[in-house]
Each structure stands twice: as C-alpha cells, then as structure tokens.
Amino acid sequence: MYDVIIVGAGPAGLTSAIYTRRAEKKTLVLEAMSYGGQIINTLSIDNYPVAPHISGFDFATKLYEQAKNLGTEIVFEEVVHIQDHNTYKEVITNKNTYQTKTIILATGAKNRKLNLPNEKEFIGKGVSYCATCDGSFYRGKEVAIQGGGNTALEDALYLSDIAKKVYLIHRRDTFRADETLIRQLHLKENIELICNSMVTKLNGDEALESIVVTNHNGVTKTIAVAGLFIAIGRVPETENFNQLIHTDASGYIVAGEDCHTNVDGIYVAGDSRTKSVRQLVTATSDGAVAAIEAIRYLN
Ligand code: NAP
C-alpha cells in the first residue's frame, strides 16, 4: 500500500514526489513514456526563476534525479484506470495493479492532431510536432507550420534560422501569440504568412513532398515542402480517468488552486488541471500544492 501514487513524471509530478518524499510518504511515480513531460523538448528555458537558459532536458533530468535521490520509486508503466474504494484507491496499469491511499494526477497534455487521413503515417517522415527536436533534419529545405499561438510562432522563428523558407499557415488572420514574437516574425524575410487557411491534404509516397492548403473561400493551393510542423495546441491526457474524475468540456480535470478533484484523496497537478496559465512555473507550483494537500489528507 503506497501513501501516494503520482501519475506522470513531468515537472508537476516529480515536484509532488519531492514534497511527499520529504514528508516521508511512501511514493510511487508511474510514467507511460519517459520522464520530463513536454519540457524535455524545449531547447532553452528562459523564464524559470534562478535557472535562466537551462535546457528542458537538463531541467527534467535534474528534477528526476532529485526525486529519485529522495527515495521515490519511479516505474515506467501506462496507467489505464483508477478506482476509488473509499479507504484506499487502486491504480491499474498495462502491467500491474497498485494500491494507494492518495493519488496525484499529473499527466499533462499531448499534441493536438490535425486529423488528416495520412498524418500518422507521415510522422517522422515529414510530419512533426516538435520543431526543436526535428528542425535540424530540414536544414536548407522548405517547411510549413500550422498554428497561430506561441508555440507556432516560436517554431517559425527557430526554423527560419535553419530552413530555406518557412510557410506559417494559420486558420485566422490574427495570432494569439505574444506581441514580441509577432514583431520578430514580421522581421524575418524567409517566413511567408498564409492566413485564414488550413492544411487539408498531405502528399508524398515514402515521405512528405507537398501539402494542400485551403483558404476560407475554399480556394486550394499545393505547396512543395519537406516538413510540416503541427503546432495547434495540446489536449489533456485525462481520458483514462474521466469516468471517476470530473472534467470540463475540453477534457481538463476540474479543480481550483487547491488541486482537489471531486474525489477525496485524489488531486490534480499541472497542465491537465482547469486553469488559465499553463507554464513550467505553474506546473511545479501545482505539484507542491497537490502534494501538501495529499500529505494533509494522509495525516
Ligand atoms: P495555443 O496557445 O492553444 O494555440 C494554438 C493555436 O493553434 C491557435 O492559434 C489556434 O487557432 C490554433 N488551432 C487550434 N486548434 C486548431 C485546429 N484544429 N486547426 C488549426 N488550428 C488550430 O497553443 P500553444 O501555442 O501550443 O501554446 C500552449 C500554451 O503554452 C499557451 O498558454 C502558450 O502561451 C504557452 N506557451 C508559452 C511559451 C512561452 O511563454 N515562451 C511558448 C510556447 C507556449 P486560434 O487562434 O484560431 O484559436
């Protein structure tokens, strides 16, 4: 019987583990993929207090080691279901069933897909969701990005230094990205904006060769590109819990700043919680709050 099972080894989940282990609670972290969450793909974190310019990988690795060194058990299994039995809870993974007194859900969010017919087949063969991970494969080539938020604009600026030309395709004609990024975007000569438009088709045999872009009036054009970076936001990874845990219409787990879900002893931390600011600093903050609330419940 664990005191706390934390689902997700991103910044929120690993921060929770630091707090629960420092309170000497028997803690298990379950992670489906690899530690670090989304931040692992960030080349340089410039807005986290006291650690300017640290890479996402270094940040995640230091956090992982800190949690491990405090005695956190970390197991790489996918959680498929959770159950509440009042006095204890069960966490069912693809391999095992674990019992625990409290649960902290820190599963974050995954990349939203365009849901084009052959999008999945082209992943790694021209389609990517991470410019900082895959951008260097497109040195000197022409690439496109779909999206109009901070990620899409940061990707466009990053890729414009590597690729020959970058098409930034956005479904509206105004961006939801920060003003500073929009200003920088307009200074780049090799970025072409295609507004009020969507990528509607992917062409190619073995790898992506071109995309079809359709504008609001239904007019289409084909653009030859070697890469398409899809940066249209994220969706929370909560579908395995939503029978027990209340989520909003977009799938985010409903909880206030105290990180309490609708079930006693189950908390949520990080990007999968309903909130207005999803940043690294708010994820680690949630991790601390959820852990302290779980410790209070246990005591
Ligand atoms: P986002 O802010 O949600 O923006 C998503 C963009 O994709 C929007 O422009 C949206 O269009 C578009 N979009 C959404 N669904 C679409 C669809 N089905 N088809 C076509 N376009 C679609 O996502 P994000 O840029 O990944 O950012 C996520 C969060 O991380 C934000 O809070 C952001 O501020 C933060 N972030 C911060 C930084 C930083 O501080 N440096 C860097 C990256 C991200 P509409 O505008 O028309 O809705």
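Keep in mind that what you see is a predicted model, and the values were worked out from it rather than measured.

The rules behind each value
- Residues numbered from 1 in each chain as written.
- Predicted model: local features only at pLDDT ≥ 70, side-chain atom pairs only at ≥ 80, totals over all residues.
- Heavy atoms only, no water.
- Near = heavy atom within 4 Å.
- Polar contact = N/O pair within 3.5 Å; in protein donor to acceptor, adjacent residues only side chain to side chain.
- Areas by Shrake-Rupley, 256 points an atom, 1.4 Å probe, with all protein chains shown as cover.
- Nonpolar A, V, L, I, M, F, W, Y, C, P; charged D, E, K, R; others polar.
- 1 Å grid on protein atoms, 1.4 Å probe; cavity = no way out; pocket = protein on both sides within 12 Å on 5 of 7 lines; lining within 4 Å.
- Points joined across faces, edges and corners; volume = space filled by probe spheres on them.
- Helix = DSSP H or I, 4+ residues; strand = E, 2+ residues; numbered from the N terminus.

Draft legend 1. Focus on the site of the ligand. The environment of the ligand is formed by 16 residues, the closest being N150, T151, E154, R172 and R176. The backbone of G148 places a nitrogen or oxygen atom 3.1 Å from an oxygen atom of the ligand. Between the ligand and the protein, one listed contact pairs an oxygen atom with a side-chain N or O atom of R176 at 2.6 Å. Bound to the protein, the ligand loses 74% of the 910 Å² it would expose on its own. Its residues placed into classes, the shell around the ligand shows three nonpolar, eight polar and five charged.

Draft legend 2. Seen up close, the layout of surface pockets. Empty space within the second largest pocket amounts to approximately 200 Å³. When residues of the lining of the second largest pocket are traced back to their parent elements, those giving at least two are α1 (11-22) and α2 (56-69). The element best represented in the lining of the second largest pocket is α2, accounting for four residues. A class-by-class count of the residues in the lining of the second largest pocket yields seven nonpolar, three polar and one charged.

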